[in-house]
Amino acid sequence: MLQYIGRRLLVAIPTLFLVITAAFFMMRAAPGSPFDMDRKLSPEIEANVLAQYGMDKPLGQQYVDYLAGVVQGDLGPSLKYRDKTVLDIVKENYPVSLRLGFFAIAIASVIGVSLGVMAALRQNRMTDNVVMTIAILGVCIPTFVTAPLLVLGIASKLGWLPTAGWNDGALPNMVLPVVVLALPQIAIISRLTRAGMIEVLHSNYIRTARAKGLPEWLIVRKHALRAAILPLVSYLGPACAGLITGSLVVEKIFNLPGLGKFFVISALQRDYTVVMGMVIFYAGLILLLNLIADLLYAVLDPRVRLA
Amino acid sequence: MTFASARAETITKAAAVRGRSLWEDARRRLMRNRAAVTGMIVLGLLVVAAVVGPWLSPFTYDEVNKSDVWLPPLQGGHLMGSDALGRDLLTRLLVGLRVSLAIGFVATFVSLVIGVAWGAVAGYVGGKLDEVMMRFVDVLYSLPFIFFVILLMVTFGSNIILIFVAIGAVEWLTMSRIVRGQTLTLKNKEFVEAARAAGLNRGAIIFRHIVPNLLGPVVVYVTLTIPAVILAESFLSFLGLGVQPPMASLGALIAGGASDMELAPWLLIFPSLVMVMTLMSFNFIGDGLRDAIDPKDR
Amino acid sequence: MYRPFRRNHGILALGFASAFLLLQGCTPGKPRVDDCPAGKVCLRAGNGVEVLSLDPHKVSGVGDHRVLLDSMVGLTMADASDKVAPGTAERWETSADGLTWTFYLRDAVWSDGVPLTADDFVFSLRRILNPATAAEYASLLYPILGAQAVNEGKAAPETLGVRAVTPRILEIRLEHPAPYLLQLAKHQTMYPVPRHVVEKYGNAWSKPEHYVSNGPYTIVSWKLGDRIKAVKNPRYWDAAKVCVDQISYYPTTDNITAERQVRNGELDMNADIQSNRIALLREQMPGYVRTHTYLGVSYLTYNNSVVALRDVRVRRALAMAIDREFITKKLMRGGQQPAYTFVPPGVANYQAVQPPEWAAWPFEKRQAEARRILAEAGYGPGRPLKIEIKHRNSADPSLIMPAIQADWKSIGVEARLAQNEPQIAYAAYRARDFEVGDAAWVADYNDPMTFLYLMNSTTGAQNYGDYKNPAFDALLKKADNEPDAAVRAGYLAQAERIMLDDATIAPVFFYVNKNLVSPRVTGWIANLGDIHPTQFLCVKGSPKAPAA
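Residues numbered from 1 in each chain as written. Chains lettered and ligands numbered in written order. Predicted model: local features only at pLDDT ≥ 70, side-chain atom pairs only at ≥ 80, totals over all residues. Heavy atoms only, no water.

> Give me the lowdown on the overall build of chain A, citing residues and values where you can.
Across its full length, chain A holds 12 helices and zero strands. Counted from the first residue to the last, chain A has its helices and strands arranged as α-α-α-α-α-α-α-α-α-α-α-α. In terms of overall dimensions, chain A has a C-alpha envelope of 85 × 55 × 30 Å along the principal axes. Considering chain A as a whole, with its 307 residues, one finds that 59% of them fall into the buried category. Looking at chain A alone, contacts between residues at least 24 apart form 74% of all its contacts between residues at least 6 apart. Counting every atom, chain A has about 12,000 Å² of accessible surface; 67% of that belongs to carbon and sulfur. (Helix = DSSP H or I, 4+ residues; strand = E, 2+ residues; numbered from the N terminus. Buried < 20%, exposed > 50% of the residue type's maximum accessible area, 1.4 Å probe, protein only. Contact = heavy atoms within 4.5 Å. Areas by Shrake-Rupley, 256 points an atom, 1.4 Å probe, with all protein chains shown as cover.)

> Please provide a residue-by-residue account of the sheet that holds strand S9 (residues 169-173) of chain C, values included.
All names here are of chain C. Pairing is antiparallel across the open sheet formed by four strands, whose spatial order is S4-S5-S9-S8. Edge positions in the sheet fall to strand S4 (89-94) and strand S8 (162-166), since each has one partner strand and no second. Sheet twist, expressed as the mean angle between neighbouring strand axes with direction ignored, is 25 degrees. Inspection of the sheet shows S8 paired to S9 by four bridges, in the antiparallel sense. Across the sheet, residue Val162 finds its bridge partner in S9, namely Ile172. Helix H3 (residues 118-129) rests against strand S5 (100-105), S8 and S9 of the sheet, and its axis sits at about 170 degrees to S8. (Pairing = 2+ DSSP bridges. Axes fitted to C-alpha atoms, helices over the stretch in contact; angles between N-to-C directions.)

> Explain a nonpolar patch on the surface to me, using residue names and the numbers behind them.
Side chains of B:Val48, B:Val51, B:Val52, B:Trp55 and B:Leu56 sit close together on the surface and give an oily, nonpolar patch of about 550 Å² of accessible area. Relative to the helices and strands, B:Val48 resides in helix H3 (residues 34-56). (Patch = residues over 30% accessible without salt bridge, like charges linked within 9 Å, V, L, I, M, F, W, Y side chains within 5 Å. Salt bridge = Lys/Arg side-chain N within 4 Å of Asp/Glu carboxyl O.)

> Explain helix H6 (residues 145-156) of chain B residue by residue, including any values.
Residues and elements named next belong to chain B. The end-to-end C-alpha separation of H6 is 16 Å, in line with the 16 Å expected for 12 residues at 1.5 Å each. For H6, the buried fraction is high: 10 of the 12 residues fall into the buried class. The complete set of buried residues in H6 reads Phe145, Ile146, Phe147, Phe148, Val149, Ile150, Leu151, Met153, Val154 and Thr155. Positive phi shows up at Gly157, right after H6, with a value of about 75 degrees. (Expected span 1.5 Å × (residues − 1).)

> Account for the state of the cysteines, naming residues and giving values.
Residues and elements named next belong to chain C. Taken as a whole and assessed by the stated rule, the structure comprises two disulfides over all chains. With its sulfur 2.0 Å from that of its partner, Cys36 forms a disulfide with Cys42. Residues Cys36 and Cys42 share a disulfide whose torsion about the S-S bond is about 85 degrees; that sign makes it right-handed. Judged by its relative accessible area of 25%, Cys36 is partly exposed. (Disulfide = S-S within 2.5 Å.)

> Kindly report on the packing of aromatic side chains, identifying the contributing residues and their values.
Counted under the stated rule, the structure contains 31 aromatic pairs over all chains. Relative to C:Trp358, the ring of C:Tyr340 has its centre 5.8 Å away and its plane inclined at 75 degrees; by these criteria the two rings are edge-to-face. Highlighted residues: C:Tyr340 in the loop between strand S15 (337-338) and helix H11 (363-376) and C:Trp358 in the loop between S15 and H11, separated in sequence by 18 residues. In this structure, C:Tyr340 and C:Trp358 share a single accessibility class: buried. Between the aromatic rings of C:Phe342 and C:Phe451, the centroid separation amounts to 6.1 Å while the plane-to-plane angle is 85 degrees, which identifies the pairing as edge-to-face. Of this pair, C:Phe342 sits in the loop between S15 and H11 while C:Phe451 sits in helix H14 (residues 449-452), and the two are 109 residues apart along the sequence. For the pair formed by C:Phe342 and C:Phe451, the shared burial category is buried. Here the aromatic cluster, defined as three or more aromatic residues joined through ring pairs, consists of A:Tyr94, A:Phe263, A:Phe281, A:Tyr282 and B:Phe147. We note A:Lys84 situated over the ring of C:Trp222; from NZ or CZ to the ring centre the distance is 4.4 Å. C:Arg91 extends its terminal NZ or CZ atom over the ring of C:Tyr104, reaching a point 4.0 Å from the ring centre. (Phe/Tyr/Trp six-rings, centres within 6.5 Å; stacked < 30°, edge-to-face > 60°. Lys NZ or Arg CZ within 6 Å of the ring centre and 35° of its normal.)

> Pulling in residues and values, what's your account of the pairing of S4(C)?
Each regular strand carries side chains that alternate between the two faces of the sheet. All names here are of chain C. Pairing analysis gives five bridges linking S4 to S5, with the strands arranged antiparallel. Note that in S5 the partner of Ala89 across the bridge is Leu105. Linking two consecutive strands that pair antiparallel, namely S4 and S5, is a turn of five residues; a positive phi of about 75 degrees is found at Gly98 within it.

Laid out in structure tokens, this is it:
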């Protein structure tokens, strides 16, 4: 198993290299530079600024220097936030994004699985229809529609929660963003669980269990649920991608200091180093989460062999 | 994006290939599925409205009407009201729907072409080539794609063609996996053996015998990819990276409406409704198709 | 080597453990929405943008200035209505030729207790002009003797015309008389930085953990994207009069989000409002909306290398056909004024010029005249003028450019719109990569020169339209060497007249500053420069609030 993990990590290195290379040259191909602003810099000052950040060298040299820095764990200074390094920004802001994502997926899993099981047990009846309608709506109403509506209703009109901001991660500030992120995931997870459950409930071993006279709740808990959760585990990878996409929107709407917001702003402002830092961080995160999801899958399904 | 890929697995499992005669069965089952039929009708109406509507409207999507600023619905001849520049919302909505649908269809077509070719070749040829091609897909899968799409928009400026290509290029991955899986089971079937015995070359076998038989799962996946693409585009528009004003798309209209929701709620409500209707229609049709092709679940 | 993988719950634990590792520091704490210490007065201010640096020599934005303004005090400072008031200097005098200024410093200390001397100012001015500092805004100080040579690396920083006569007396010599020096002296470029701290920590001095200030507040923490926190500096010379104990500056990048936060009581104020919501807010939140004319102008600039735009008739026709009343009254509705001239009304040392004659005509007449002179220039239905308007994608330009496009369409001009991020758009203008560009200028200091020098032929990149009129240049030169303020204002007015007659740009509207301020905040006075030092503010209902 350790061997498997080792091999996966080895594959991760060329992947990261590819990511860095692609992002580096795409960013540099974008029109404009980080030192563009409303006012003009005198040529002398501009030359000084470029030299300060090593940007007076040929692009190939800069690329090699950058890679060398990354290998040593140095992501360089931010070109816009002149008091901060990229590592400062990542360190300060990744907990925000991760926290949101973690709570969203945890809540979505609990609610989604419960709804899915309920629906499967009452297949084609009222509960099922209601749950499936919710699931379809959850998928079809985009995050950027639910978020403003919730802000308008719950925060602005009722005044129960803050409309935006982070405040060092205070609980009231987190509720709406997490709910908005979790809603589409609840929808998907409940559908996956329902489909998995229905398949399992029709299988032979459940029939055997029923024939043995086991109580229904025990059958669900001990036999069916475990098998039905498998598709959910394999969904965790795509779920992370979904959460990252969602967090870009949520961080923008709620003005949260997460990495996604900095990524978009930095890309628009051509803060090359910050953009690169974010891309590397997210690529690493996705690789790691995919690995974890595969491992979990192997744990839960004895038929799967890691090779 | 995620929703479609999440379902890929179920689809692959579900849509086993059957003989031709079963297509008739599938069609009948689909027609009995009320949700799917409703979806088809609604979608049909939306498509017709998007294609024909803007021509019938007395307004154009970018026409500034200085006397009609922020009119609520039904005033001044604006059925759905007007925006800050006095532009007719209904016309903009129809044009936006047209743009979103076009992006959905074209980007899905791009992903279809790349994904089917890639998956079929990998699956049919097999061996080392399969290994390399699918490893490549794995590597791409683990990239933070949305970041690259954003970088792409930033680098080359947002234009519609680029949006097609960027989104299509992301969506083909899942398609290629589905197709490869199907090809693997198909390639040992008798009719393929027969073609091989008849001396057809690989290319001919792949594109004349394998690809047509992939239709079932591919059609299902396509109907689920289109709404995913529409969502992806609207997401980009929301971040200000999608279609550029005065052009409209559903996402761009919703983004604009959301910021003015206290002032002019109609600017948020109508585009959101159309968006939800469109996405739901596609999803109902996709689900219906899946159930029709493989009735196991019901 | 494939080994069957056996069920192992350790893996589950490993998975979760690594997930939690990633989430370190993630214990959901108790709600801390309002972390104002009991008995203290706290202000939560929406700052509009994220601050780029806390080093006054490395920033140029108004958002940066709003934060630094509370921590640093220059030789002079802004009072509650942005008038020049004595700051670190108690008084000053100027020589008869206006070329030598002497500032007498008060007995002041830095927030760490170290005395503040004239040497700190000398050090600071040499530092910002030193090319190694790469200060973006250094050129503002070019009126100081030798500043340009130092900044361009042609002379040593020590040659700068600034010296400490005694620890409490600072002398500044100028290149030419500059009546606006006292304005500059309250600007961030002339803030002192603590020499003893900068020499100890280098560029890291401006990190909150090392930060030392000389003003009413000092910065204690900065969480990027979340907030900057500053607390009262008890060693400030006027600390007894300061009411607010703690300030949180929030980077409110979206005006509408910030508006909801103010409405919901999460913020006490925000530094901007989206123009077209002002009318609604006045109605729904009486007492919150504060607007004032501002020293800024929005204009269209024409690229001189586009043949059609070299024709003054074309430029004039385009300028005439813009419906500025519709743009200001119907679209933006924030109190902005239609602009027919370039220098905003209300600027100090300014003598207003008459707008062009057509400004008073009914719009239809202007359109007809525009069509006529366009036809004269050779453009009409058979041969329409086709141009591209490049514009910034910020809120106001995005709103008004489609209207201008429509206005031009009605005189037969086919305009395309191309949107860009503001800084990218400006870079394109400087590179002359545009046809018609949407630009804006906000005063660096309160004087017409900050506007008019843009059109000077020697200005270079920022003279986007490459305007060149020797008569205009000569008048600016005369103004620069004129010690008498009234005579100088006359020269500047003549220069503006020439520039407007040449229709080198099309002014669109004059800015207003727009603040959303809770009525709980007292002492807040709307002003031309949009400068509101927190030391003059208080919060109603707080222990120290003045009697209502």
